[in-house]
Amino acid sequence: MSSTLQGIGVSKGICIGQAYVYYRELPEVLEYSISKYDIDKEVKRFEDARARAQQQLENVKNIISSDTPHDITLFIDTHLLMLDDPVLFEDTVSHIRARLCNAEWALQAQVDRILSVFDEMDDPYLKTRKDDIIHVTERIQRCLMNEPELNHEHEKLESGKFGAHLKGRIIVTDDLTPADTLLMQHQKIAGFITEYGGPLSHTAILARNLGIPAIVGVHNAKRFIQANELLILDGNTGEIHINPAKKELSLSKSLIRDERQRRKNLFDLKNKPAQTTDGLKINLYGNIDRAEDVRTLRQYDHTGVGLYRTEMLFIDHNDSPSDLPSEEKQFETYRRALRSLKGHPLTIRTTDLGADKELVNTTQHGPLVHNPALGLRAIRRCLKDPSIFLPQIKAILRTAGYGPACMMIPMISCVSELDQTLELIEQSKVELKARRVRFDQHIKIGAMIEVPAAALAADSLASKLDFLSIGTNDLIQYTLAFDRIDDEVSYLYNPLNPAVLKLIQMTLNAGESQGIPVSMCGEMASDTQYTRLLLGMGLQYFSVQANSLLEIKRIINRSEIAQLRKQSEIIMSLSDPQEIIQAVDEMNRRFS
Ligand code: PEP
Ligand code: MG
């Protein structure tokens, strides 16, 4: 029977595919009693699950490519050995027999006992084996509960081949970490549905960047959608059709075809300048998360990068709390990105770790941190722990020695924070000079304006910097006081709120009066409904999702700046949010 669910469409487009229901967290292990007549059946259920877990690992072993490094595949053999370990298995079977309980519960009891022994150990190597036991147990538990296979292998292998079973599927899950989303990038999935998360969560941003339709905030999606059911995901309306009727299917297929054609036509604009009809040149750059993303960017346009979010490099390398990319590793990675840009500029943002972009194995946030977005994130965290920050500063300074790379600081909220940062940059230059390595003494340094206080102080900040870049995702979150990753309050996201527009205008004016460029790299810049207004307000540097580049360029190239300026002035004089929305709609209709 067909049915429909409603969520928040966060990445446009329609896709059709079978559901892949993915539990990031294992469902709770529950205890229930069995009758003594069912003991053998329960033991057999346990042994079958163990055999299935073994089979899964053997399959992984066969499927991975022969050039996968040995240290990465080693864990498969370790897990296979553990699956043969008599301590775990004989004791679990004895537990089932003695306590007349289900296999899941008996297994958990044995594992908890073993893990408590590991907790007493001091040896760091043996402590890491604890993770292996947890992963092996989870695998058997999933087999017992008939849950889909866990993806530790994906995390470790990132092998496109291994993830082939996700190709064309629609992932249905509670929530995704940025790392999960990136791994799925290699698997050519059709779309995402998550139970939580708002339109500005990093996951939503990544989905848009990958051009994959996505819907968030579909509470209980995993309960309503069964594995392998056919779905239509409409990222424009936020609707999910489960087991759609034939008529619905053919309508969606034709919409997908039209959209594909429309996107194909946009490629006529590839490598053409972005320029208004009255001759104003606009700088249109792309946002990237990893050095490899330059390739995707270049599929759309040969241009520079206005925002390189470097957190992914840290998240990818974070197997343990102390495991972070070295200066050398960072330098190599940034240089690779710069090289692939072939002379176009690269704006490297120093890490914005914390809140929605947290390390997996962090020691930074204890349970008492209730507002991570207001806590120790981004530049605050870097200034608190220069041992993380300094290698990155040096890596960026060195990269800039080889081409047009600049450094951008996120979440600056006052001049003293900027002064501390500039001091660390100067200190790093002195060190690099002493080491006699190549770097750019005159690197361009900019700050992101994403805290209302920074927009209000933009003049003073601009006087010490080479550029500013407006991060509307955070600027709007902090101005309107809603959590960007909480779907319950995502309705409050409104880039056209007059307070937000005023802060943007103040930042643009500060740049103009101090004679430095102001860019916008938040999601507002990638959304075509705001392009004309932003142009009219004076924005001349856009850094957008690769996927939106050509669409934004088309609007720019059909716009007359003089007309947009007049219209934007009228809009900026309005104070009622609803009137502003209507006026922007009207402007878009009139000039499209
Ligand atoms: C922003 O806040 O607008 C921004 C670009 O940074 P991020 O989304 O990475 O926080
Ligand atoms: Mg931000």
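No experiment lies behind these values; they were computed from the predicted model shown. (Residues numbered from 1 in each chain as written. Chains lettered and ligands numbered in written order. Predicted model: local features only at pLDDT ≥ 70, side-chain atom pairs only at ≥ 80, totals over all residues. Heavy atoms only, no water.)

A. Representation of the overall build of the chain in the model. Helix and strand counts for the chain stand at 25 helices and 16 strands. Burial status across the chain gives 54% buried among its 592 residues. The long-range share in the chain, meaning contacts at least 24 apart out of those at least 6 apart in sequence, stands at 70%. Roughly 26500 Å² of accessible area belongs to the chain as shown, and the carbon and sulfur atoms make up 51% of that amount. (Helix = DSSP H or I, 4+ residues; strand = E, 2+ residues; numbered from the N terminus. Buried < 20%, exposed > 50% of the residue type's maximum accessible area, 1.4 Å probe, protein only. Contact = heavy atoms within 4.5 Å. Areas by Shrake-Rupley, 256 points an atom, 1.4 Å probe, with all protein chains shown as cover.)

B. Fine view of the environment of V117. Along the chain, the position of V117 falls in helix α4 (residues 103–119). You can call V117 partly exposed: its relative accessible area is 47%. Measuring from C-alpha to C-alpha, the distance between V117 and K130 comes to 9.8 Å, with 13 residues separating the pair along the chain.

C. The site of ligand 1, seen in detail. Taken together, 16 residues sit near ligand 1, with R309, E450, G471, N473 and R484 positioned nearest. Within the contact set of ligand 1, an oxygen atom lies 2.8 Å away from a backbone nitrogen or oxygen of N473. Relative to its unbound accessible surface of 290 Å², ligand 1 loses 100% to contact with the protein. Looking at the shell around ligand 1, the elements that each hand over two or more residues are β10 (305–309) and α19 (472–480). (Near = heavy atom within 4 Å. Polar contact = N/O pair within 3.5 Å; in protein donor to acceptor, adjacent residues only side chain to side chain.)

D. Molecular detail of the coordination of the magnesium ion (ligand 2). At 2.0 to 2.2 Å from the magnesium ion (ligand 2) lie its protein donor atoms, namely E450 (OE) and D474 (OD). Here the residue E450 occupies a position in the loop between β13 (445–449) and α17 (452–456), and D474 occupies one in helix α19, the gap between them amounting to 24 residues. In this structure E450 comes out as buried when scored by relative accessible area, which is 2%. (Donors = N, O, S within 2.8 Å, 3.2 Å for Na, K, Ca; no water.)

E. Fine view of the sheet that holds strand β8 (residues 239–242). Taken in spatial order, the eight strands line up as β1-β8-β7-β3-β4-β5-β6-β2 in an open sheet, and their pairing is mixed. Every interior strand has two partners, whereas the edge strands, β1 (3–6) and β2 (8–11), have only one. The sheet shows a mean angle of 30 degrees between the axes of neighbouring strands, taken without regard to direction. Set on the sheet, helix α8 (residues 202–210) makes contact with β2, β5 (191–194) and β6 (214–216); between it and β2 the angle comes to about 55 degrees. Across the sheet, helix α10 (residues 246–266) is in contact with β3 (14–22), β7 (230–234) and β8; its angle to β3 comes to roughly 115 degrees. (Pairing = 2+ DSSP bridges. Axes fitted to C-alpha atoms, helices over the stretch in contact; angles between N-to-C directions.)

F. Summary view of the sheet that holds β13. Judged by pairing direction, the barrel is parallel, and its eight strands sit side by side in the order β9-β10-β11-β12-β13-β14-β15-β16 before closing back on the first. Neighbouring strand axes in the sheet, compared pairwise and without regard to direction, differ in orientation by 30 degrees on average. Here two bridges tie strand β15 (residues 518–520) to strand β16 (residues 541–544), and the two strands are oriented parallel to one another. Residue pairing across strands places M520 opposite F542, the latter belonging to β16. Its contacts with the sheet put helix α20 (residues 498–514) on β13, β14 (467–470) and β15, and the angle it makes with β15 is roughly 145 degrees.

G. The packing of helix α22 (residues 528–537) against helix α25 (residues 577–591), seen in detail. It is at 9 Å that the axes of α22 and α25 come closest, and there the two elements cross at 90 degrees. As the angle between them shows, α22 and α25 are arranged roughly perpendicular. Residues Q529, R532 and L533 of α22 form the contact with α25, whose participating residues are V584, M587, N588 and F591. Each residue belonging to the contact of α22 with α25 can be placed in one class, and the counts come to four nonpolar, two polar and one charged. (Parallel < 35°, antiparallel > 145°, perpendicular 65-115°, else oblique. Nonpolar A, V, L, I, M, F, W, Y, C, P; charged D, E, K, R; others polar.)

H. Expanded view of helix α13 (residues 327–340). In this model α13 runs 20 Å from its N-terminal to its C-terminal C-alpha over 14 residues, within 8% of the 20 Å that 1.5 Å per residue would give. In the stretch just after α13, K342 is the one whose phi turns positive, near 45 degrees. (Expected span 1.5 Å × (residues − 1).)

I. The pairing of β16, seen in detail. Bridge count between strand β9 (residues 283–288) and β16: four bridges; the pairing is parallel. The partner of N283 across the bridge, within β16, is Y541.

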